[in-house]
Amino acid sequence: MMNAVIAANAVSLTFQTADGPVHALKDVDLTVGQGDFVSFIGPSGCGKTTFLRTIAALEMPTAGELMVNGMTPDEARKARAYGYVFQAPGLYPWRTIAGNISLPLEIMGFSKPDRAKRVDRVLELVDLEGFGGRFPWQLSGGMQQRASIARALAFDADILLMDEPFGALDEIVRDRLNEALLELWRKTGKTIGFVTHSIPEAVYLSTRIVVMSPRPGRITRVIDSTLPAERPLDIRDSPEFIRLAHEVREALREGHGDDA
Amino acid sequence: MKNAIPILTVLLALVVIWYLAAIGMNSAWVRDQAARAGTELTTTELVKQTLTLERPVLPAPHQVAAGLWDGVAGQKITSKRSLVWHGWVTLSATLTGFAIGSLAGILLAVGIVHSRTMDQSVMPWAVASQTVPILAIAPMVIVVFASAGITGLLPKAIIAAWLSFFPVLVGMVKGLRTPDAMQLDQMKSWSASGGQVFWRLRLPSSMPYLFASLKVGIAAALVGTIVGELPAGASAGLGARLLSGSYYGQTVQIWAALFAAAALAAVLVVAIGRIEGVTLRRMGLVR
Ligand SMILES: Nc1ncnc2c1ncn2[C@@H]1O[C@H](COP(=O)(O)OP(=O)(O)OP(=O)(O)O)[C@@H](O)[C@H]1O
Ligand SMILES: [Mg+2]
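Small disclaimer: the values here were computed from a predicted structure and weren't measured.

Q: I'd like to hear about helix 4 (residues 112-125) of chain A, residue by residue, with values.
A: All names here are of chain A. Over its 14 residues, helix 4 extends 20 Å from the first C-alpha to the last, a length consistent with the 20 Å expected when each residue adds 1.5 Å. On the buried face of helix 4, the contacting elements are helix 3 (97-108) and helix 5 (141-153). Backbone geometry just downstream of helix 4 places Asp127 in the positive-phi region, at approximately 65°.

Q: Quick one: what's the story with the pairing of strand 8 (residues 208-213) of chain A, residue by residue and with numbers?
A: All names here are of chain A. When you tally the buried positions in strand 8, you get six out of six residues, the bulk of the element. Burial along strand 8 is two-sided: the residues Arg208, Val210 and Met212 and Ile209, Val211 and Ser213 are all buried. Of the pairings in the sheet, the one linking strand 3 (residues 37-41) to strand 8 comprises four bridges and is parallel in character. Bridging across to strand 8, Ile41 finds its partner in Val211.

Q: An account of the domain arrangement of chain B is requested, with residue identities and associated values reported.
A: Residue and element names in this part refer to chain B. The domain architecture assigned to chain B consists of domain 1 (4-58) and domain 2 (83-282). Taking only C-alpha atoms into account, the centre of domain 1 sits 39 Å from that of domain 2. Each partner contributes residues to the interface: domain 1 has five residues there, and domain 2 has seven residues. The contact between domain 1 and domain 2 buries some 460 Å² in all, and 57% of this surface belongs to carbon and sulfur atoms. Of all residues in domain 1, Trp18, Arg55 and Pro56 bury the most surface against domain 2, accounting for 69% of the area lost on that side. Where domain 1 meets domain 2, there are zero salt bridges. For the pair domain 1 and domain 2, the interface holds one residue pair in polar contact (both at pLDDT 80 or more).

Q: Requested: an account of the interface of chain A and chain B, with residues and values cited.
A: Tallying the contact residues gives 23 residues for chain A and 19 residues for chain B. For the pairing of chain A and chain B, the buried interface totals around 2000 Å² over both sides, and the portion due to carbon and sulfur atoms is 62%. The largest contributions to the chain A side of the interface with chain B come from Tyr92, Trp94 and Ile107 of chain A, which together make up 34% of the buried area. Across the contact surface, chain A and chain B share two salt bridges. Put simply, Arg200 of chain B and Glu106 of chain A hold a salt bridge, and the shortest N to O gap is 3.0 Å. Viewed at the interface, chain B and chain A are joined by six residue pairs in polar contact (both at pLDDT 80 or more). Sorting the residues of the side of chain A that touches chain B by element identifies helix 2 (73-78), strand 5 (82-85) and helix 3 of chain A as the ones contributing at least two each. Considering every element that reaches the side of chain A that touches chain B, the biggest residue donor is helix 3 of chain A, with five residues. Across the side of chain A that touches chain B, the residue classes break down as 16 nonpolar, one polar and six charged.

Q: Any details on the packing of aromatic side chains? Residues and values, ideally.
A: Enumeration according to the criterion identifies 13 aromatic pairs over all chains in this entry. Aromatic side chains Phe40 of chain A and Phe51 of chain A sit 5.5 Å apart centroid to centroid with 70° between the ring planes, which places their arrangement in the edge-to-face category. Taken together, the residues Phe40 of chain A in strand 3 and Phe51 of chain A in helix 1 (residues 48-55) connect sequence positions 11 residues apart. For the pair Phe40 of chain A and Phe51 of chain A, a shared accessibility class is recorded, and that class is buried. With centroids separated by 6.4 Å and ring planes inclined at 80°, the aromatic side chains of Tyr247 of chain B and Tyr248 of chain B adopt a geometry described as edge-to-face. For the pair Tyr247 of chain B and Tyr248 of chain B, one class covers both residues: exposed. Ring pairs connect the aromatic residues Phe37, Phe166, Trp185 and Phe194 of chain A, which therefore count as one cluster. Its guanidinium or amino end placed over the ring of Tyr204 of chain A, Arg236 of chain A lies 5.8 Å from that ring's centre, counting from NZ or CZ.

Q: Go over the sheet that holds strand 1 (residues 4-17) of chain A, please, and point to the residues and values.
A: Residues and elements named next belong to chain A. With antiparallel pairing, three strands are arranged side by side in an open sheet as 2-1-4. Edge positions in the sheet fall to strand 2 (20-33) and strand 4 (63-68), since each has one partner strand and no second. Going across the sheet, the axis of each strand differs from the next one's by a mean of 20°, ignoring polarity. Taken together, the 10 bridges between strand 1 and strand 2 define a ladder with antiparallel strand orientation.

Q: Before we move on, could you go through the nonpolar core and cite the residues and values that matter?
A: Counting residues in each nonpolar core, the largest one holds 98 residues, and the members touching the most others are Val203 and Val248 of chain A together with Met187 of chain B. Counting residues per element, this core draws most heavily on helix 9 (residues 194-229) of chain B, which supplies 12 residues. The residues touching Val248 of chain A, leaving out its near neighbours within four places in the chain, are Ile41, Ile199, Val203, Ile209, Val211 and Ile223 of chain A. Of all hydrophobic cores here, the second largest spans 31 residues; its members include Leu30, Phe51, Ile55 and Met212 of chain A.

What counts and what doesn't
- Residues numbered from 1 in each chain as written.
- Chains lettered and ligands numbered in written order.
- Predicted model: local features only at pLDDT ≥ 70, side-chain atom pairs only at ≥ 80, totals over all residues.
- Heavy atoms only, no water.
- Helix = DSSP H or I, 4+ residues; strand = E, 2+ residues; numbered from the N terminus.
- Expected span 1.5 Å × (residues − 1).
- Contact = heavy atoms within 4.5 Å.
- Buried < 20%, exposed > 50% of the residue type's maximum accessible area, 1.4 Å probe, protein only.
- Pairing = 2+ DSSP bridges.
- Domains from an automatic or database assignment.
- Buried area = accessible area lost by both parts, 1.4 Å probe.
- Salt bridge = Lys/Arg side-chain N within 4 Å of Asp/Glu carboxyl O.
- Polar contact = N/O pair within 3.5 Å; in protein donor to acceptor, adjacent residues only side chain to side chain.
- Nonpolar A, V, L, I, M, F, W, Y, C, P; charged D, E, K, R; others polar.
- Phe/Tyr/Trp six-rings, centres within 6.5 Å; stacked < 30°, edge-to-face > 60°.
- Lys NZ or Arg CZ within 6 Å of the ring centre and 35° of its normal.
- Axes fitted to C-alpha atoms, helices over the stretch in contact; angles between N-to-C directions.
- Core = buried A, V, L, I, M, F, W, Y, C linked by side-chain atoms within 4.5 Å.

See the structure below:
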């Protein structure tokens, strides 16, 4: 594929634990292009988090080659190639929302006026204008997670890596945030890697759905979405959506094999 | 104030027990005196005398209160008989020692959290330092400093620091280690330096632990200072007041000094508690 943003070539990662080696990733091949929205789905322990962390240079592959923007993951991190959104918002209670979003900017050495401008811009992007002066505990869980997305966007990384960012939220809030995320992705054209446990969420959001299976963690199927870029929430009732969801479910079942 | 009732009940019970104990413990002496003088005592007289002795085995609460009042308000505060003056001598050494001790505790904790070598080498010594009985060390410290011509505040402050650095060290090590793996990964994802992680994450996260250990530390510093005032020769401070009281059998003076020390400790701990409350609320760490 042209201008690959993430290129994994036979990436393996084995954790050495007290109970022997754990093959969290085995021979993972994947190419993600500029502007793709890629979801990773699979049963617990199949290595979704590990793969995302490897891309972010938070883990080192034990074999294979992984390139991010043509660099090693470590170089890419230093070049601010990605913003990472964890499952919990992880906002600092002693900083305001604006202060929290500004935190990575301070660390990266952006000037004060530049920081203020960027904070305003990303607050607007995640629909939190006017909340910059609030403290995290004054915001709902969904708003806090939006603030944490804003924080990951603030320094203009091309890639957004998200590990079950909405996993702890209720369905209605989750729907709204999914819509907002799609909107944001269309506006910014970022490449997004998104880990989820939910088939509808994966189908609704993604241009490509990567189905993984455990022991050893590997990719069993990559499904390209046939849904249009414009996706209102009720697209989830369309036959095309239902067909894709079914395909993902089948792929998950195959991956599970005998121990399903 | 609903919660004042249980506290007052307990206080009342303590005072009653104290009076009974005073009567019991002083009665032997009173009976002795009466027998020697060949007089018969009625129970009322016996009780009355046990509570008004000059040098009782156990002074009654009102005697201690009178002694405290006299020491605090009945003397010029520059007088050697003033508890305010002795209290100030003790307080200044306590605060100096506490400042030295907590600073040392914090610095050592920072080192321990950032260096494996320090973690393994400093901790055992810190623990060992606290197992040495302070009563044995204190006179030596005083004597060593005195032979170098240093007396007064500094040697006592060193003993206070000795006792107060440990709780601060332990609390800060725990506090600086509270950030979880996710928070540290987050910092790593921004390629933050060790210093940035420290100032922006570890230090603010450690504040609740810092304050908790400062409260223990300041009480320990006060104990250290008083112990430092006990060795012979000291003439100033609540510790010296305790000791001279026991030389001359002035039990009222001992108890008054004890209560003054307890009140000082309470004031110091409450003061840190106030600062803690304001700081943590501002930081959004308590609500
Ligand atoms: N630091 C580690 N040390 C040892 N084993 C690990 C470590 N991190 C992950 N593993 C193991 O690697 C495997 C993959 O874990 P990973 O967290 O990537 O799964 P996941 O797909 O994200 O699961 P979930 O859906 O539950 O989040 C699991 O068997 C896990 O126990
Ligand atoms: Mg995971």
